[in-house]
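Next come the chains, spelled out residue by residue.
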Amino acid sequence: MFTLPVMDTATTGAYDDVRPAPRALATEAVHAGRDDLARQGLHAPPIDLSTTYPSYDSRGEAARIDAFATDGADPVGPPVYGRLGNPTVARFETALARLEGTESAVAFASGMAALSAVLLARSATGLRHVVAVRPLYGCSDHLLTAGLLGTEVTWTDPAGVTDALRPDTGLVMVESPANPTLAELDLRAIAHACGSVPLLVDNTFATPVLQRPAEQGARLVVHSATKYLGGHGDVLAGVVACDEELAGRLRQIRFATGGVLHPLAGYLLLRGLSTLPVRVRAASASAAELVRRLASDPRVSTVHYPRIGGAMIAFEVRGDPHELISRVRLVTPAVSLGSVDTLIQHPASISHRIVDADDRRGAGVSDKLLRLSVGLEDVDDLWADLDQALGERARVPVGAAEATG
């Protein structure tokens with residue numbers, strides 16, 4: 001009878017002995033988190049759906065739990081319980097950390113669960129104050145503004161970060177490119193302005209394909225993994241890439257609050273990462289072409305597109321944005337982004353509706369703004385749909401749109 005070698009899936013560190021020399025991002029996307037498979041006679045990563053794990057060594061199990069309670073490090077040895085850690089999820093965490101260039105990564109049930117864990121971890125040390133730059137994703141903005149987790153926020157522009165810091169400041173938070181205006185920030189300059197306060201960068205829009213905030217001084221990098229990392233609109237998840245010290249605290253928060261990622265989601269995310277560079281680059285090429293066409297269209301007043309590129313476009317129409325939403329046929333009118341199909345939404349009505357109207361407009365989220373997440377369809381088919389949805393050219397004033405970014 002043929003028997004496979006026993007899998008070493010105790011921790012994310014299980015892959016350290018097979019970790020290769022530095023590799024290109026496209027190579028890491030395919031192989032990170034999978035480097036131990038071939039020696040086990042496996043090709044596809046296994047899915048471990050166990051919620052609990054048998055143990056005849058209760059003393060050893062107690063020692064592992066005590067060690068976890070001390071510093072939040074992944075338990076050494078066999079898994080204990082699904083809320084403490086899962087081998088399949090650990091593979092995704094290993095892969096994402098390598099793509100972002102950080103020591104560790106901790107996955108959660110959603111992007112908001114990931115952000116909540118960071119806020120709770122900092123508040124637990126008495127650092128309840130957060131400095132943030134708008135715009136942020138609408139629910140992130142609301143979580144900070146409402147103080148739902150006992151935090152207090154000071155909103156500022158990038159130049160005011162240093163002056164906004166206080167002795168109890170535990171975090172500075174930014175998005176770049178920002179949701180939904182695609183405004184870009186000088187992350188290195190902001191990291192310098194933070195001093196010893198950790199900088200958290202939401203890298204959901206850019207992904208590690210376009211930028212790696214840790215290389216520019218960010219200590220925490222958060223993703224709504226629901227978006228580009230998963231890439232197919234079929235998984236809900238969040239992840240924080242960071243140093244091991246902060247990762248330990250986040251694992252303890254995750255264990256205590258239960259915001260764990262399901263193993264099947266971890267598997268889908270690991271699979272999604274393997275095509276991330278290809279998907280982002282292909283969608284970015286189409287987005288750049290759509291930006292060119294939108295910017296020269298008299299029915300569009302302004303087009304926002306980041307200098308680093310990407311697959312996200314924001315544009316303001318001269319007509320009624322709700323009419324455009326109602327007329328698209330190939331493009332899907334839906335929230336979220338980063339899927340293989342193209343999505344469009346009206347931020348002021350949906351993703352940023354929860355933000356105070358004056359704050360929303362002050363951050364550049366106008367009532368005319370539309371957000372387009374470009375997928376992998378043929379660019380001419382996408383333009384044909386947008387063209388008809390924009391309506392008759394004769395009904396709007398003639399004049400080229402203003403392009404920003």
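Residues numbered from 1 in each chain as written. Predicted model: local features only at pLDDT ≥ 70, side-chain atom pairs only at ≥ 80, totals over all residues. Heavy atoms only, no water.

Naming follows an unreviewed UniProt entry, where the protein appears as PLP-dependent transferase of Streptomyces graminearus. The UniProt entry for the protein carries this comment under Cofactor (unreviewed entry): "pyridoxal 5'-phosphate". (UniProt positions renumbered as here; feature names shortened; annotations may be inferred.)

A. How the structure looks around the nonpolar core. Phe92, Val172, Leu199, Leu229, Val239, Leu261 and Leu269 are the most contacted members of the largest nonpolar core, which has 52 residues in total. Here the element with the most residues in this core is helix H3 (residues 87-100); it accounts for six residues. Aside from chain neighbours lying at most four places away, what touches Leu229 is Phe92, Leu96, Pro208, His223, Val239, Leu269, Gly272, Leu273, Leu276 and Arg279. (Core = buried A, V, L, I, M, F, W, Y, C linked by side-chain atoms within 4.5 Å. Buried < 20%, exposed > 50% of the residue type's maximum accessible area, 1.4 Å probe, protein only. Helix = DSSP H or I, 4+ residues; strand = E, 2+ residues; numbered from the N terminus. Contact = heavy atoms within 4.5 Å.)

B. Representation of the state of the cysteines. One pass over the structure, following the stated rule, counts zero disulfides. Cys194 takes part in no disulfide bond, and the closest cysteine sulfur to it belongs to Cys242, at a distance of 16 Å. According to the relative accessible area criterion, Cys194 is buried, its value standing at 2%. (Disulfide = S-S within 2.5 Å.)

C. How the structure looks around the side chain of Thr204. For Thr204, the location among the structural elements is in the loop between strand E5 (199-202) and helix H8 (207-210). At a separation of 2.7 Å, a polar atom in the side chain of Thr204 contacts the side chain of Asp202. A distance of 2.9 Å separates a polar atom in the side chain of Thr204 from the backbone nitrogen of Ser224. Once residues within four sequence positions are removed from consideration, Thr204 is found in contact with Val222, His223, Ser224, Lys227, Tyr228 and Leu337. (Polar contact = N/O pair within 3.5 Å; in protein donor to acceptor, adjacent residues only side chain to side chain.)

D. Inspection of unusual backbone geometry at higher detail. For the bond running from Arg134 to Pro135, omega is 0°, close enough to zero to count as cis. Tracing the sequence through the fold places Pro135 in the loop between strand E2 (129-133) and helix H5 (138-146). Along the chain, Asn179 connects to Pro180 via a cis peptide bond; the corresponding omega equals 5°. Residue placement: Pro180 occurs in the loop between strand E4 (169-175) and helix H7 (187-194). Here the phi dihedral of Thr207 falls at roughly 65°; this positive angle occurs in a residue that is not glycine.

E. Main features of the packing of helix H2 (residues 58-71) against helix H9 (residues 244-257). In the contact formed by H2 and H9, the axes pass within 8 Å of each other and the chain directions differ by 115°. Where H2 approaches H9, its residues Phe68, Ala69, Thr70 and Asp71 are matched on the opposing element by Gly248, Arg249, Arg251, Gln252 and Phe255. Here the contact of H2 with H9 is built from residues that sort into three nonpolar, three polar and three charged. (Axes fitted to C-alpha atoms, helices over the stretch in contact; angles between N-to-C directions. Nonpolar A, V, L, I, M, F, W, Y, C, P; charged D, E, K, R; others polar.)

F. Focus on the sheet that holds E5. Read across the sheet, seven strands follow the order E1-E7-E6-E5-E4-E2-E3 without closing on themselves; strand pairing throughout is mixed. Among the strands making up the open sheet, the edge pair consists of strand E1 (104-108) and strand E3 (152-156). For this sheet, the mean inter-axis angle between neighbouring strands, taken without regard to orientation, is 20°. Pairing analysis gives four bridges linking strand E6 (residues 220-223) to strand E7 (residues 238-242), with the strands arranged antiparallel. Among the inter-strand pairings, Val222 is bridged to a residue of E7, identified as Val240. (Pairing = 2+ DSSP bridges.)

G. Broad picture of the pattern of salt bridges. Tallied over the full model, the rule gives 21 salt bridges. The salt bridge partner of Glu28 is Arg23, with a shortest N-O separation of 2.9 Å. With a closest N to O distance of 2.8 Å, Arg91 and Asp36 form a salt bridge. Here Asp36 lies in the loop between helix H1 (25-31) and H2 and Arg91 lies in helix H3, a separation of 55 residues in the sequence. Note on Asp36: relative accessible area 0%, which makes it buried. One salt-bridge network, held together by shared partners, links Arg23, Glu28, Asp35 and Arg98. (Salt bridge = Lys/Arg side-chain N within 4 Å of Asp/Glu carboxyl O.)

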